[in-house]
Amino acid sequence: MIKKILLGAFCIAQFSLAYATEIKNESPKSSTVSANYQKVPKTVIIKTKKFKIRIDKQPNGKYLYQSWAANAKITSKPSMIIPDGELIPDGTGGNYYYEFVNNAFTYQVWRNYLTNSPKKAPYTLKVDDNTGKTIVNQDGQVVKN
């Protein structure tokens with residue numbers, strides 16, 4: 001009888017110690033903002049009126065922009081490739097955009113989680129020149145996410 005009690009006490013102590021170690025090793029959750037950005041896909045393909053755009057997360061943490069004409073096949077050679085893009089959070093609601101710089105142009109692909117209109121497209125392509133003038137502003141739909 002004493003052996004069973006000692007064995008039970010020993011097992012409880014071991015399980016308690018193991019559970020305490022697990023809790024101690026868990027990192028505390030950071031703000032809810034970072035939780036929203038964990039949903040960013042590694043690859044997304046978007047189609048606008050004139051373009052197909054593929055954005056891939058690279059092993060170095062940067063993003064790769066590839067684009068084709070809207071009627072071109074995505075298996076063909078891209079008409080434009082821009083490496084080293086950044087993911088930039090926009091506020092605390094989950095919106096964000098990818099930013100790519102190519103020569104004198106800045107390409108931004110916006111993810112629109114929160115909008116004033118339920119008809120707003122989930123993505124928007126915006127291209128600005130070096131003076132800040134908007135050259136392209138097109139809504140896009142997800143082809144593959």
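What counts, and at which threshold
- Residues numbered from 1 in each chain as written.
- Predicted model: local features only at pLDDT ≥ 70, side-chain atom pairs only at ≥ 80, totals over all residues.
- Heavy atoms only, no water.
- Helix = DSSP H or I, 4+ residues; strand = E, 2+ residues; numbered from the N terminus.
- Buried < 20%, exposed > 50% of the residue type's maximum accessible area, 1.4 Å probe, protein only.
- Areas by Shrake-Rupley, 256 points an atom, 1.4 Å probe, with all protein chains shown as cover.
- Phe/Tyr/Trp six-rings, centres within 6.5 Å; stacked < 30°, edge-to-face > 60°.
- Pairing = 2+ DSSP bridges.
- Salt bridge = Lys/Arg side-chain N within 4 Å of Asp/Glu carboxyl O.
- Core = buried A, V, L, I, M, F, W, Y, C linked by side-chain atoms within 4.5 Å.
- Contact = heavy atoms within 4.5 Å.

Engineer: For this particular structure, what's the right way to read the overall build of the chain?
Structural biologist: For the chain, the count of helices and strands is 2 helices and 8 strands. Traced from its N-terminal end to its C-terminal end, the chain shows the element sequence α-α-β-β-β-β-β-β-β-β. Residues classed as buried in the chain amount to 30% of the 145 residues present. Summed over all atoms, the accessible surface of the chain reaches about 10200 Å², with 56% contributed by carbon and sulfur.

Engineer: Looking at this structure, how should I read the packing of aromatic side chains?
Structural biologist: Aromatic ring pairs are described here by two measures, namely the spacing of the ring centres and the angle between the planes. Tallied over the entire structure, the rule returns 5 aromatic pairs. Ring centres of Tyr63 and Tyr98 lie 5.0 Å apart, and the angle between their planes is 65°; this geometry places the pair in the edge-to-face category. In this pair, Tyr63 is assigned in strand β3 (residues 63-69) and Tyr98 in strand β5 (residues 96-102), connecting sequence segments 35 residues apart. As far as the burial class goes, Tyr63 and Tyr98 line up, both buried.

Engineer: Explain the pairing of strand β4 (residues 80-89) here, please?
Structural biologist: Every regular strand shows the same layout, with side chains that alternate between the two sheet faces. Where β3 and β4 come together, 4 bridges link them in antiparallel fashion. Residue Gln66 lies in a different strand from β4, and its bridge partner there is Ile81. One ladder, built from 4 bridges, connects β4 with β5; its direction is antiparallel. Across the sheet, residue Ile88 finds its bridge partner in β5, namely Tyr97. Linking two consecutive strands that pair antiparallel, namely β4 and β5, is a turn of 6 residues; a positive phi of about 80° is found at Gly91 within it.

Engineer: What's the story with the pattern of salt bridges in this structure? I'm lost.
Structural biologist: Close approach of charged atoms allows side chains with opposite charge to pair. Throughout the structure, instances matching the rule amount to 3 salt bridges. Two residues, Arg54 and Asp56, come together in a salt bridge whose shortest N-O distance is 2.8 Å. Its relative accessible area of 8% is what places Asp56 among the buried residues. Between Glu86 and Lys62 there is a salt bridge whose closest N-O contact spans 2.2 Å. A residue pair is termed long-range when its members are at least 10 positions apart, and Glu86 in strand β4 and Lys62 in the loop between β2 (51-57) and β3 qualify at 24 residues. Here Lys62 falls in the partly exposed class, since its relative accessible area comes to 28%.

Engineer: So what exactly am I meant to see when it comes to the nonpolar core here?
Structural biologist: A general feature of soluble globular proteins is that nonpolar side chains tend to end up buried together. The biggest cluster of nonpolar side chains holds 17 residues, and the ones touching the most others in it are Ile55, Tyr65, Tyr98, Phe100, Val109 and Leu125. Where this core is concerned, the elements lending two or more residues are β1 (43-47), β2, β3, β5, β6 (105-111) and β7 (123-128). Not counting the four nearest positions on each side in its chain, Tyr65 is found in contact with Ile53, Arg54, Met80, Ile81, Ile82, Phe100, Tyr107, Val109 and Leu125.

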